[in-house]
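Notes for the structure review
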There are 2 protein chains.
Amino acid sequence: MAKTAITPTRQDDYPEWFQQVIRAADLAENSDVRGCMVIKPWGYAVWENMQRTLDGMFKATGHENAYFPLFIPLSFLQKEADHVEGFAKECAVVTHHRLVPDASGKLIPDPASQLEEPLIVRPTSETIIGATYAKWVQSHRDLPILINQWANVVRWEMRTRLFLRTTEFLWQEGHTAHATAEEAQEETMRMLGVYADFCENWIGMPVIQGAKTAGERFPGAVSTYTIEAMMQDRKALQAGTSHFLGQNFSKAQEIKFQDQNGQQQYAWTTSWGVTTRLVGALVMTHSDDDGLILPPRLAPKHIVLLPIYRSDDEKSQVLPYVEGLKKELEAQDYSDGKVRVMIDDRDIRGGEKNWHHVKRGVPLRAEIGPKDIAKNGVFLARRDTGEKVGVERSQLVATIGQRLTEIQDNLFQRALKMREDNTRTIDKLDDFLAYFTPKNADNPEIHAGFAMCHFAEGPELDEFLKKHKVTIRCIPIGGAGEGGTCFLTGKPSARRAVFAKAY
Amino acid sequence: MAKTAITPTRQDDYPEWFQQVIRAADLAENSDVRGCMVIKPWGYAVWENMQRTLDGMFKATGHENAYFPLFIPLSFLQKEADHVEGFAKECAVVTHHRLVPDASGKLIPDPASQLEEPLIVRPTSETIIGATYAKWVQSHRDLPILINQWANVVRWEMRTRLFLRTTEFLWQEGHTAHATAEEAQEETMRMLGVYADFCENWIGMPVIQGAKTAGERFPGAVSTYTIEAMMQDRKALQAGTSHFLGQNFSKAQEIKFQDQNGQQQYAWTTSWGVTTRLVGALVMTHSDDDGLILPPRLAPKHIVLLPIYRSDDEKSQVLPYVEGLKKELEAQDYSDGKVRVMIDDRDIRGGEKNWHHVKRGVPLRAEIGPKDIAKNGVFLARRDTGEKVGVERSQLVATIGQRLTEIQDNLFQRALKMREDNTRTIDKLDDFLAYFTPKNADNPEIHAGFAMCHFAEGPELDEFLKKHKVTIRCIPIGGAGEGGTCFLTGKPSARRAVFAKAY
């Protein structure tokens, strides 16, 4: 049996493998606060790269950043009936603003400091931002408003999992207001496209863009669009959503404007967001049984240089060589900037050091000892394929950008093939049931993948799906919409949807 | 009387002038949540520039970013006695995690969801971060830990003022742990120096670096260092602090390590932070009675191009010219990047448009109409001096970086002169009293400035200062420490401190 750096393997226990990859890569850990995580420097650096890229994409599509309060007055939540139904259930409620010692000296909330109206820690900001937009918008000249916010939000989750579902998480939420439904609809689709672009070209994770069915919509939205990705256990992960809110929130929050004919109109609004869940998606898409594999465009470091020496003499020869190579590599262009290089000169065993960077997913590792220097080369290992080759120094410098591009492409193609190999068109109930039954009783997590099926929404389908723990991920956008009949009820169906087990 | 864009003027009512400058520049506004502000896009863009610059400085000094939970268990606060005394008094307390409708349908906190232990919304993160470091540190090899966090924090303030004191604010908090007191002390001073560098060379705001006296220290710190700046009403504003925490927090949180001799030791920790208050400091340092003046290095836009035309014919001539000029200017280097250019082609009156950008503080404005184009030039206005000159197009492109540098320098020199003109060495009680008595009864806000005095800490001085609403800002670092006697008590004194009225 091959020894792997991560125990268990994906095949043996996928959920536990995921936790162990995160741990071995130093991405994050559970904190002392229930359901809240600590994002460690290596994990946060990945998130920073995601942020920087997305932020540039938002600005390129005309958006500006702003910041709105963390707290939402309880009464605001109640203004949009569906919204409160979806969000008010589990949230952090601030009821007091002072602590005092009790008789024993233990701190307790001061009863005298109870708030007249409790405050909710934002689970999402449609209501507080809508109330602000209502003040900003008077005329059609004030529209559109195209604003994004980078923030933390809190949803009181019962079962949490690092990155995928945590009580507090980091995200961005775009909130826009428009004069017409068409403009708002266009914006909704534009931002869905930005998310898909980012996921495919930066995370290297293929996604299916589609519309959610009625039951899966954002609370208060007219329509919700999503990007769905397949993880290595063949489950679907919702990686981002973009909502066309119609006039639901503008009516609840009184976002009104005078149009060109002097008539009062309600604005049309959208919202869209992605979260630190994307880090989890990245991990589950690319990593293997030796740990994290980072797509180069988002990797905090592209290459780690590992100096090897056994004496002070060798050290004084190897270190300057490695420093010089670092400078040369750092001068090379890659993606939207320069090549990011680190040297690991810690005084630990070479094997341990090498595995450290394997587990952390650094795309390239270069070992450099006196023998390599004699040949003016390095011993180069590629994380995604495991390939190891001797490379001449000037060759490495000249090809570093190209090598990283190859890795990025390989990761995307590998993930795409995984999805294609595990997606089937299914028309019959028996096939559907067989498809979603795990083949291996030892590992019920891994099943057959995505099924493209005709369907008819309704209680019968809902109940069936709930029973079998399968969900409708989305109705894909584009492609021919040939008609058919629902695999379960036989009712007529206009299009196929993606069915899958999901996170 | 000269008409100004901002009413009242600085001279007439400085605090109200400050609010009006913020309003006229679209920097921020009060939200519907008590004490919390909405940071609008123009204000947030200034903060983003501050963040990006500081973040680069932190990384250049070896720090990494991470993220820790928003919530702190109540019991954590109680571990460090001084700390809880300073922070537990006014804070947001989360007591429930669910809302339910009451009999009338109104949402209330669900009594069944009461938390066993209340959670505090972080007022600062020493305790939760310390608890995490305790898990990360075992050996001296795990030290130093050099981490920064960009986050929101909440302190329940009774009287709030936009940017200067708000219930929720944005900040960064650095938290480091070291093996020796010397290293921790060095780190404390290094980061104070980074803050001073940033304030002087980016905000263009001169600061005095110094130590806080015992009464003004951060709760739980061994020593607190500060940078203090003079605002235009001659009051002091604390612009950033860096704390040497000794072993106080490591003892409270059990951050222990095995040293090279195998002995268990407590780590030495520091913390340091600056906040969105810096945006308020920027506003109060540079702005005038026509509104905001932005130091170019932090300005979201360096120059606004204002096309002028009266017909479609003129428009079709002017707009392409302006677009071309924008591209040329954007190709020029300035500070750490390129020149940031905007075109304002809104269909509003020219005067209104011009004042819009005056009030928003854009460093340079260029009007471009058919007559200017005929001369292949622009009519250029400088925000800091009000100077207006005709400039040949290629000249403008060639000198744009230099012009911005001149403005940046002028703003710093002007603020430095303001501080020097309003700082005096004072040795006698009568002089001290006269100095801090406003000269103009109509405007009690504006008084004489900073006083450099010998002093002896103690209840007598404390009481005196409290009565006269004067505070000791800091004991400046460096400079000769000639001895003397306290201006109030006559007791011996080793050094002078900065005395001032303060925000």
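The structure this text deals with has already been given above.
Concerning the overall build of chain A
Each helix and strand counted, chain A has 14 helices and 28 strands in total. Overall, chain A is about 80 × 65 × 60 Å in size when its C-alpha atoms are taken along their principal axes. Here chain A holds 503 residues, and 58% of them are scored as buried. For chain A, long-range pairs separated by at least 24 residues make up 70% of all intrachain contacts whose partners lie at least 6 apart in sequence.

Focus: the packing of helix H1 (residues 14-24) of chain B against helix H8 (residues 277-286) of chain B
Working note: a packed helix pair is described by the angle between its axes plus the distance between those axes. Residue and element names in this part refer to chain B. Interhelical geometry of H1 versus H8 gives an angle of 115° and a closest axis separation of 11 Å. Between H1 and H8, the angle falls in the class roughly perpendicular. Here H1 and H8 pass one another in a crossing that is right-handed. On the side of H1, the interface is formed by Tyr 14, Trp 17, Phe 18 and Val 21, while H8 contributes Gly 280, Val 283 and Met 284. Here the residues of the contact of H1 with H8 are counted per class, giving 6 nonpolar, 1 polar and no charged.

Considerations on the sheet that holds strand S15 (residues 268-275) of chain A
Residues and elements named next belong to chain A. If you trace the 11 strands from one edge of the open sheet to the other, you get S3-S8-S9-S15-S12-S11-S10-S25-S28-S24-S23, paired in mixed fashion. Pairing within the sheet leaves two strands with one partner each, and these edge strands are strand S3 (64-65) and strand S23 (423-425). Here S3 runs beside strand S8 (residues 145-154); their pairing, made up of 2 bridges, is parallel. Each bridged residue has a counterpart across the sheet, and for Asn 65 the counterpart in S8 is Asn 148. The strands touched by helix H2 (residues 41-60) within the sheet are S3, S8, strand S9 (168-178) and S15, with S8 carrying the most contacts at an inclination of about 160°.

What about a negative patch on the surface?
Together, Glu 216, Glu 457, Glu 460, Asp 462 and Glu 463 of chain A make up a negatively charged patch on the protein surface. Here Glu 460 of chain A is to be found in helix H14 (residues 459-468).

Digging into the interface of chain B and chain A
The interface is formed by 64 residues belonging to chain B together with 64 residues belonging to chain A. Summing the contributions of chain B and of chain A, the shared interface buries around 5200 Å²; its carbon and sulfur component is 63%. Summed over the shared surface of chain B and chain A, the result is 6 salt bridges. Between Arg 98 of chain A and Glu 90 of chain B there is a salt bridge whose closest N-O contact spans 2.8 Å. Viewed at the interface, chain A and chain B are joined by 30 residue pairs in polar contact (both at pLDDT 80 or more). Counting residues per element, the side of chain B that touches chain A draws most heavily on strand S5 (residues 90-101) of chain B, at 10 residues. By residue class, the composition of the side of chain B that touches chain A is 39 nonpolar, 10 polar and 15 charged. By the bridge criterion, 5 bridges tie strand S5 (residues 90-101) of chain A to S5 of chain B in an arrangement that is antiparallel.

Quick word on the nonpolar core
Grouped together as the largest cluster of nonpolar side chains are 76 residues, with contacts concentrated most on Phe 71, Val 121 and Tyr 133 of chain A together with Phe 71, Val 121 and Tyr 133 of chain B. Sequence-distant contacts of Phe 71 of chain B, defined by excluding residues within four places in its chain, comprise Val 33, Cys 36, Ala 92, Val 121 and Val 154 of chain A together with Val 94, Leu 119, Ile 120, Val 121 and Ile 128 of chain B.

Some points on the pattern of salt bridges
Think of it this way: side chains of opposite charge can pair up when their charged atoms draw near. Tallied over the full model, the rule gives 53 salt bridges over all chains. Between Glu 29 of chain B and Lys 40 of chain B there is a salt bridge, with its nearest N and O atoms 3.6 Å apart. Here the residue Glu 29 of chain B occupies a position in strand S1 (residues 28-30), and Lys 40 of chain B occupies one in the loop between strand S2 (37-39) and helix H2 (41-60), the gap between them amounting to 11 residues. The burial state of Glu 29 of chain B is the same as that of Lys 40 of chain B; both residues are buried. One network of salt bridges, in which partners are shared, links Asp 26, Glu 29, Lys 40 and Arg 360 of chain A.

Considering the sheet that holds strand S19 (residues 341-343) of chain B
Residues and elements named next belong to chain B. Spatially, the 5 strands line up as an open sheet ordered S19-S16-S20-S21-S22, and their pairing is mixed. In the strand order of this sheet, the two ends are held by S19 and strand S22 (388-392), each with one partner. The average undirected angle you get between the axes of adjacent strands in this sheet is 25°. Both strand S21 (residues 377-382) and S22 contribute to a ladder of 5 bridges, which runs antiparallel. Along S22, the bridge assignment pairs Val 378 with Val 391. Relative to the sheet, helix H9 (residues 312-330) contacts strand S16 (303-307), S19, strand S20 (364-368) and S21, its axis offset from that of S16 by approximately 165°. Packed onto the sheet, helix H10 (residues 350-359) meets S16, S19 and S20 and runs at close to 175° relative to S16.

Quick look at the side chain of Gln 408 of chain B
All names here are of chain B. Its location among the elements puts Gln 408 in helix H12 (residues 393-421). Side-chain polar atoms of Gln 408 contact the backbone nitrogen of Arg 297, separated by 2.9 Å. Dropping the residues within four chain positions of it, Gln 408 is found in contact with Asn 201, Trp 202, Ile 203, Gly 204, Pro 295, Pro 296, Arg 297 and Tyr 334.

A few points about the pairing of strand S10 (residues 208-211) of chain B
Residues and elements named next belong to chain B. Judged from the 4 bridges that link them, S10 and strand S11 (residues 223-230) form a sheet pairing that is antiparallel. Each bridged residue has a counterpart across the sheet, and for Gly 210 the counterpart in S11 is Thr 226. With 2 bridges joining them, S10 and strand S25 (residues 471-476) adopt antiparallel strand pairing. Note on S25: the bridge partner recorded for Ala 211 is Ile 475.

Quick notes on the environment of Met 205 of chain B
Residues and elements named next belong to chain B. For Met 205, the location among the structural elements is in the loop between helix H6 (181-203) and S10. Assessed through its relative accessible area of 0%, Met 205 is described here as buried. It is 19 Å that separates the C-alpha atoms of Met 205 and Arg 165, two residues lying 40 residues apart in sequence.

Let's talk about the relation of the copies chain B and chain A
The operation linking the two copies of the chain is a rotation about an axis combined with a translation along the axis. Of the transformation placing chain B onto chain A, the axial shift is 0.0 Å and the rotation is 180°, giving an RMSD of 0.0 Å. Interpreted geometrically, this transformation is the action of a two-fold axis. For chain B, the residue whose C-alpha comes nearest the rotation axis is Val 94 of chain B, separated from it by 2.1 Å. Most of the interface of chain B is mirrored in chain A: 98% of its interface residues are interface residues there too.

Analysis parameters
- Residues numbered from 1 in each chain as written.
- Chains lettered and ligands numbered in written order.
- Predicted model: local features only at pLDDT ≥ 70, side-chain atom pairs only at ≥ 80, totals over all residues.
- Heavy atoms only, no water.
- Helix = DSSP H or I, 4+ residues; strand = E, 2+ residues; numbered from the N terminus.
- Buried < 20%, exposed > 50% of the residue type's maximum accessible area, 1.4 Å probe, protein only.
- Contact = heavy atoms within 4.5 Å.
- Axes fitted to C-alpha atoms, helices over the stretch in contact; angles between N-to-C directions.
- Parallel < 35°, antiparallel > 145°, perpendicular 65-115°, else oblique.
- Left-handed = near helix turned anticlockwise from the far one by under 90°.
- Nonpolar A, V, L, I, M, F, W, Y, C, P; charged D, E, K, R; others polar.
- Pairing = 2+ DSSP bridges.
- Patch = residues over 30% accessible without salt bridge, like charges linked within 9 Å, V, L, I, M, F, W, Y side chains within 5 Å.
- Areas by Shrake-Rupley, 256 points an atom, 1.4 Å probe, with all protein chains shown as cover.
- Salt bridge = Lys/Arg side-chain N within 4 Å of Asp/Glu carboxyl O.
- Lys, Arg positive; Asp, Glu negative; His and termini not counted.
- Charge placed at Lys NZ, Arg CZ, Asp CG, Glu CD.
- Buried area = accessible area lost by both parts, 1.4 Å probe.
- Polar contact = N/O pair within 3.5 Å; in protein donor to acceptor, adjacent residues only side chain to side chain.
- Core = buried A, V, L, I, M, F, W, Y, C linked by side-chain atoms within 4.5 Å.
- Least-squares fit on C-alpha atoms with pLDDT ≥ 70 in both.

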